[in-house]
Amino acid sequence: WVAAGGVTVVCRAPRRHIEFGKGTVTVNATPGAKVHFNGKAVGTAPLGKDVELYEGSHEILVTYQKAKWRQKFKLDADENVTFKVEADVIDVPK
């Protein structure tokens, strides 16, 4: 490619193929609760299916009316993590 000033740069680095595995997350939450992973909304409980995520560190956020519950977790390839979040364990702001 051509860099600023018209200098031609040639990259001869070997290509590497990197694969990331996926795991699944099961969320059992109060019907009507909103479920988010890593800041992205994925649906309203009951979700109806597991959520597939790449292995690594994640955060789940469940909101129900004005209440919130969040948890950081790590997911390995081919692992299933289950969260049970009922309305009585969600923090309600005072």
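The structure reproduced in this document is the subject of the present report.

Calculation rules
Residues numbered from 1 in each chain as written. Predicted model: local features only at pLDDT ≥ 70, side-chain atom pairs only at ≥ 80, totals over all residues. Heavy atoms only, no water. Helix = DSSP H or I, 4+ residues; strand = E, 2+ residues; numbered from the N terminus. Buried < 20%, exposed > 50% of the residue type's maximum accessible area, 1.4 Å probe, protein only. Contact = heavy atoms within 4.5 Å. Pairing = 2+ DSSP bridges. Axes fitted to C-alpha atoms, helices over the stretch in contact; angles between N-to-C directions.

On to the overall build of the protein chain. Counting its secondary structure elements, the protein chain contains zero helices and seven strands. The order of α-helices and β-strands along the protein chain, N terminus first, is β-β-β-β-β-β-β. Residue burial in the protein chain is summarised as follows: out of 94 residues, 29% are buried. Here the contacts in the protein chain between residues at least 6 apart in sequence split such that 49% fall between residues at least 24 apart.

Next up on the list: the pairing of strand S4 (residues 51-54). Here S4 shows a clear split, with Val51 and Leu53 buried on one side and none of Glu52 and Tyr54 buried on the other. Where strand S1 (residues 22-29) lies against S4, four bridges are found, and the strand directions are antiparallel. Residue pairing across strands places threonine 24 opposite glutamate 52, the latter belonging to S4.

Let's shift gears to the sheet that holds S1. One open sheet accounts for three strands, arranged S4-S1-S7; its pairing is mixed. At either end of the open sheet lies a strand with only one pairing partner, and these are S4 and strand S7 (80-85). Strand-to-strand twist across the sheet, computed as the mean angle between neighbouring axes with direction ignored, equals 30°. Note: S1 against S7, six bridges, orientation parallel. Across the sheet, the residue bridging to asparagine 28 is lysine 84, located in S7.

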